[in-house]
Amino acid sequence: MKKNFLVLGLAAMSLFTVASCSSDDDLQAGMSIGSGDNVITLALNPGGSGMASREARPVTSSEAANNVDKVVVKLYRLADGNYSLVSETENGQTIYEQDVTWSQGTKTANVTLKHLAQGSYKLVARGYNNTSTAVSFDEGTPSTTINWTATQSTGDIEEVFAGELDLTVDAEGKVTADPSKTLTMNRRVAGFLAYFKNIPTKVGDDVVKSVRVVASNKATKYDIIGGTLASYTANASSATVNGLDAKSPAEENVLCEFAMSDATNWNGGAPSDESYTFTTDANKVENSVLDGGFIVPFGKVSGKNTLRVELMAAGTGADEVVKTYTVKMPTSYETSYDICVNHFYSIGHKTSSSGTEGPDPGTPDPDKPVDLGNEDEITLSLSDAWDVVYDMVVD
């Protein structure tokens, strides 16, 4: 990959002016433009005001963090109502670079477009973590629309960002865009967090063996450009369900599960205390358990709670559910709701992966893990780290 393509591209453009052209072949679009006129800025928007790096799963708070280390861009030409892919090199000249150098924590990077004929174009980009091989991308066949999808083949759902920008090239080769020449990549999955304390050791005579969070459906394939995301503008009012292969009838999905054998008072499955205790560090409330990750958004399932928390005990065959907590939306207290793109569903409140008082010492926002020893209710959480973060209610 040409790591210095931006510097070289700008230097090359500065050498070409109309006055220096000696033949009609030299009078190619893009050669008389000023420095920077054809530079497009790529920006990653994880949400909130931070650009913290996260090494990998699990998600340990609702803060704005990501582990993107690869960005791919593609340029499409629009002619007669149809899009066609512009190759990196056309007529022996480099038009743009598809692979963009992007290290974890990067905020922006530049792409230079050169030698483009007059007309309309669309630049599309996706950002993801290249160490995972479980996510595959499909750019489809461009026609009147462009539709990119991602599919999680194995393992946990991975975070993917994507965005697009419409461009216009004038007769001199100058690129313009409305409202600016910045292509912003937004998160294309949803997130969740599960944070519990005071987990009861028994329900009646049954010993609690594990605690799990269950979703009412599951999808692994999702739109990242076009399709169901055609009108998505990265704000709460444009909430979108972009999962494409959620099952009908619904296929329930265990998002995470905590084994009580990890408790310090498990005692071989014969605990004597009322609640389980755990060894915790300074980043978690004492005797709590914490996990989180990503979900491919899916639509609500009629007649089913979208999320629920279950206490499991050993059964005669498979483990059996001995207690269920319904997870409600804050404010509306709905139990059946869509899982939407770039929304964060937090069962328990935690805004920082470091410590238990939030990221700003001046305005503490302390951790509030859900108390499973409380018979009344539990609530989903809402924060500004993503488009929308819900502190959910649990009954």
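Coordinates for the structure precede this section.
Each chain has its residues counted from 1, running along the sequence as written. Restriction of local features to residues with pLDDT of at least 70 applies here, the model being predicted, together with a cutoff of 80 or more for giving and counting side-chain atom pairs; totals for whole chains, interfaces and linings are based on all residues. Values shown for side chains rest on all heavy atoms present in the structure; no hydrogens or waters enter the calculation.

Under the scheme used here, helices are H or I runs from DSSP no shorter than 4 residues and strands are E runs no shorter than 2 residues, and both carry numbers assigned from the N terminus. Of the regular secondary structure elements, the protein holds one helix and 27 strands. Here a residue-residue contact requires only that any non-hydrogen atoms of the pair lie within 4.5 Å. Considering only contacts within the protein whose residues lie at least 6 apart along the sequence, 72% involve residues at least 24 apart. Every accessible area reported is derived by Shrake-Rupley at a probe size of 1.4 Å, with residue values counting cover from the shown protein chains alone. Taken as a whole, the protein presents about 17,500 Å² of accessible surface, with 46% of it coming from carbon and sulfur.

In this section: the pattern of salt bridges. A pairing counts as a salt bridge when a side-chain nitrogen of Lys or Arg comes within 4 Å of a carboxyl oxygen of Asp or Glu. Under the criterion given, the structure shown has 13 salt bridges. In this structure, the salt-bridge partner of Lys 74 is Glu 139, at a minimum N-O distance of 2.8 Å. Of the two residues, Lys 74 is situated in strand 4 (residues 70–79) and Glu 139 in the loop between strand 11 (135–138) and strand 12 (148–152); the sequence distance between them amounts to 65 residues. Lys 74 gets classed as buried once you look at its relative accessible area, which sits at 10%. For Asp 166, the salt bridge goes to Lys 122, with nearest N and O atoms at 2.7 Å. Placement of the pair is Asp 166 in strand 13 (residues 160–169) and Lys 122 in strand 10 (residues 119–128), with a sequence separation of 44 residues. A relative accessible area of 8% places Lys 122 in the buried class. The network of salt bridges with common partners includes Arg 212, Glu 252, Lys 304, Arg 308 and Glu 310. Only protein chains enter the area calculation, which uses a 1.4 Å probe; residues under 20% of their type maximum are buried, those over 50% are exposed, and those in between are partly exposed.

Looking now at the packing of aromatic side chains. Aromatic pairing here means that ring centres of Phe, Tyr or Trp (its six-membered ring) are within 6.5 Å. Orientation follows from the plane angle: under 30 degrees is stacked, over 60 is edge-to-face, and everything else is tilted. Enumeration according to the criterion identifies three aromatic pairs in this entry. A cation over an aromatic ring shows up here: Arg 126 above the ring of Phe 137, its NZ or CZ 4.4 Å from the ring centre. Sitting over the face of the ring of Trp 148, Arg 126 holds its NZ or CZ atom 5.0 Å from the ring centroid. Both a distance and an angle decide whether a charge sits over a ring: NZ of Lys or CZ of Arg must be within 6 Å of the ring centre and within 35 degrees of the ring normal.

The biggest cluster of nonpolar side chains holds 34 residues, and the ones touching the most others in it are Phe 196, Ile 199, Val 211, Met 260, Val 309 and Leu 372. Looking at this core, the elements with two or more residues in it are strand 16 (190–197), strand 18 (206–215), strand 20 (253–259), strand 21 (288–295), strand 22 (307–313), strand 23 (320–328) and strand 24 (343–347). If you look at the next biggest cluster of nonpolar residues, it comprises 26 residues, including Leu 42, Ala 125, Val 169 and Leu 183. Joining through side-chain atoms within 4.5 Å is the link that ties buried Ala, Val, Leu, Ile, Met, Phe, Trp, Tyr and Cys residues into a set, and such a set is a nonpolar core.

To continue, consider the sheet that holds strand 19 (residues 221–225). Should DSSP find at least two bridges between two strands, the strands are taken to pair. If you walk across this open sheet you meet the three strands as 11-12-19, and the pairing is antiparallel. One side of each edge strand has no neighbouring strand; the edge strands of this open sheet are strand 11 and strand 19. Between one strand axis and the next, the sheet turns through 25° on average, direction left out of account. As defined by bridge partners, strand 11 adjoins strand 12 across four bridges and the pair is classed as antiparallel. Note on strand 12: the bridge partner recorded for Asp 138 is Thr 149. As a rule, the C-alpha atoms of each element are fitted with a line to give its axis, helices using only the stretch in contact, and angles between N-to-C directions run from 0 to 180 degrees.

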